[in-house]
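Reading the structure
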Amino acid sequence: MTRRWIVGIAVALLAIVAAYIAIPRQADLTAFDPDAMARLETSMWRDYYEKRYVALFRDLYDVSRSEHHFSPLDSVRIALAAAGAAKTFQPSTSRAGAEAAIPQLVTYFQLLSKGVDHKVEIEEAARTELAWWQARREAVGPQDYGLMIARVATLVYGVDGPDLRRSGVVRAQAMAYRDQRGDAITDADWGRIEDELRTAYGLMKKTLSSSH
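The following paragraphs examine the structure supplied in this document. (Residues numbered from 1 in each chain as written. Predicted model: local features only at pLDDT ≥ 70, side-chain atom pairs only at ≥ 80, totals over all residues. Heavy atoms only, no water.)

Digging into the overall build of the chain
Rules: Secondary structure elements are taken from DSSP: a helix is a run of H or I of four residues or more, a strand is a run of E of two residues or more, and numbering for both begins at the N terminus. Each accessible area is a Shrake-Rupley result for a 1.4 Å probe, and residues are judged covered by the shown protein chains and nothing else.
When helices and strands are tallied, the chain shows ten helices and zero strands. Seen in sequence order, the chain has helices and strands lined up from the N terminus as α-α-α-α-α-α-α-α-α-α. Only carbon and sulfur atoms are counted for the fraction: they give 58% of the accessible area of the chain, which is about 11,100 Å².

This is how it looks when you write it as structure tokens:
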């Protein structure tokens with residue numbers, strides 16, 4: 001009886017853990033806090049440039065779980081897809097090579113689409129995301145690839161407007177500043193980048209709030 005009781009308790013605990021991990025949550029991509037998103041995105045950029053993919057996965061998980069309220073299981077899947085796409089893209093040296101990241105980006109946007117109440121054009125979102133990644137490498141100005149970033153947001157959130165477009169440009173300008181600093185970048189520089197991203201996410205939040 002004691003052994004059966006222990007096994008029963010263990011099975012019940014496993015069932016509870018499995019339910020916690022897998023039961024769908026009411027994910028909401030609009031629920032983010034601009035300050036938290038700025039902090040997490042700054043951390044993700046550092047992870048990417050320093051090739052710390054485990055840390056990148058962790059930060060991506062935190063965004064999905066804490067800011068967008070996906071289930072733990074979906075948060076893991078989202079983080080794996082996004083980190084995998086970044087890792088695939090980073091060593092590529094051509095547009096053809098960069099295309100290898102598309103399947104992971106498609107998976108990423110498919111999962112993200114659970115957090116909105118409209119149909120997302122998954123393939124277009126994935127290809128537009130990759131397009132601005134590649135544009136940065138081809139000396140396209142932040143004003144131009146910033147509008148690509150804004151286009152991804154429009155595809156995902158289903159909204160548009162001057163503040164959203166400005167948000168994309170501000171994010172691009174922060175990235176351009178990081179590229180300008182290169183290996184000489186300091187903690188103070190990262191602090192400046194986080195401030196700019198806070199502005200960008202504030203503009204995005206303003207657009208989303210006014211659309212509801």
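Let's talk about the nonpolar core
Applicable threshold: Only buried residues count toward a nonpolar core. Its members are Ala, Val, Leu, Ile, Met, Phe, Trp, Tyr and Cys residues joined through side-chain atoms within 4.5 Å. Buried, partly exposed and exposed residues are distinguished by accessible area as a fraction of the type maximum, computed with a 1.4 Å probe on protein chains only: under 20%, between the cut-offs, and over 50%, respectively. By the convention used here, residues are in contact when the closest approach between their heavy atoms is within 4.5 Å.
Among the nonpolar cores identified, the biggest contains 59 residues, and Phe109, Leu130, Tyr157, Ile193 and Met204 are the most heavily contacted of them. At the level of elements, helix H2 (34–49), helix H3 (53–67), helix H4 (72–89), helix H6 (102–112), helix H7 (122–137), helix H8 (142–157), helix H9 (162–181) and helix H10 (187–210) are the ones that each hand at least two residues to this core. Leaving out residues up to four positions away in the same chain, tyrosine 157 has contacts with Leu29, Thr30, Phe32, His68, His118, Met204 and Leu208.

Some points on the pattern of salt bridges
Using the following cut-off: The working definition used for a salt bridge is a side-chain nitrogen of Lys or Arg within 4 Å of a carboxyl oxygen of Asp or Glu.
Taken as a whole and assessed by the stated rule, the structure comprises 21 salt bridges. For aspartate 187, the salt bridge goes to arginine 46, with nearest N and O atoms at 3.2 Å. On the criterion of sequence distance, the pair formed by aspartate 187 in helix H10 and arginine 46 in helix H2 is long-range, its members being 141 residues apart. For aspartate 187, a relative accessible area of 58% puts it in the exposed group. The salt bridge partner of aspartate 47 is arginine 52, with a shortest N-O separation of 2.8 Å. Judged by its relative accessible area of 0%, aspartate 47 is buried. Taking relative accessible area as the criterion, arginine 52 reaches 36% and is therefore assigned partly exposed. In the salt-bridge network here, residues are joined through shared partners; they are Arg46, Asp47, Glu50, Arg52 and Asp187.

Brief notes about unusual backbone geometry
Positive phi outside glycine occurs at lysine 51, with the angle close to 55 degrees. Unlike most non-glycine residues, histidine 69 shows phi in positive territory, near 65 degrees. Tracing the sequence through the fold places histidine 69 in the loop between H3 and H4.

Some points on the packing of H4 against H6
For clarity, the cut-off: Comment: axis = line fitted to C-alpha atoms, over the contacting stretch for helices; angle = value between 0 and 180 degrees taken between N-to-C directions. The cut-offs work like this: below 35 degrees is roughly parallel, past 145 is roughly antiparallel, 65 to 115 is roughly perpendicular, and the gaps in between are oblique. It is the rotation of the near helix from the far one that decides the hand of a crossing: anticlockwise by less than a right angle makes it left-handed, clockwise makes it right-handed.
Viewed as axis vectors pointing N to C, H4 and H6 meet at an angle of 150 degrees, and their least axial separation amounts to 8 Å. In this view, H4 runs roughly antiparallel relative to H6, as classed from their interaxial angle. Relative to H6, H4 is oriented so that their crossing is left-handed. Here Asp74, Arg77, Ile78, Ala81, Ala82, Gly84, Ala85 and Thr88 of H4 come into contact with H6, specifically with Gln104, Leu105, Thr107, Tyr108, Leu111 and Leu112.

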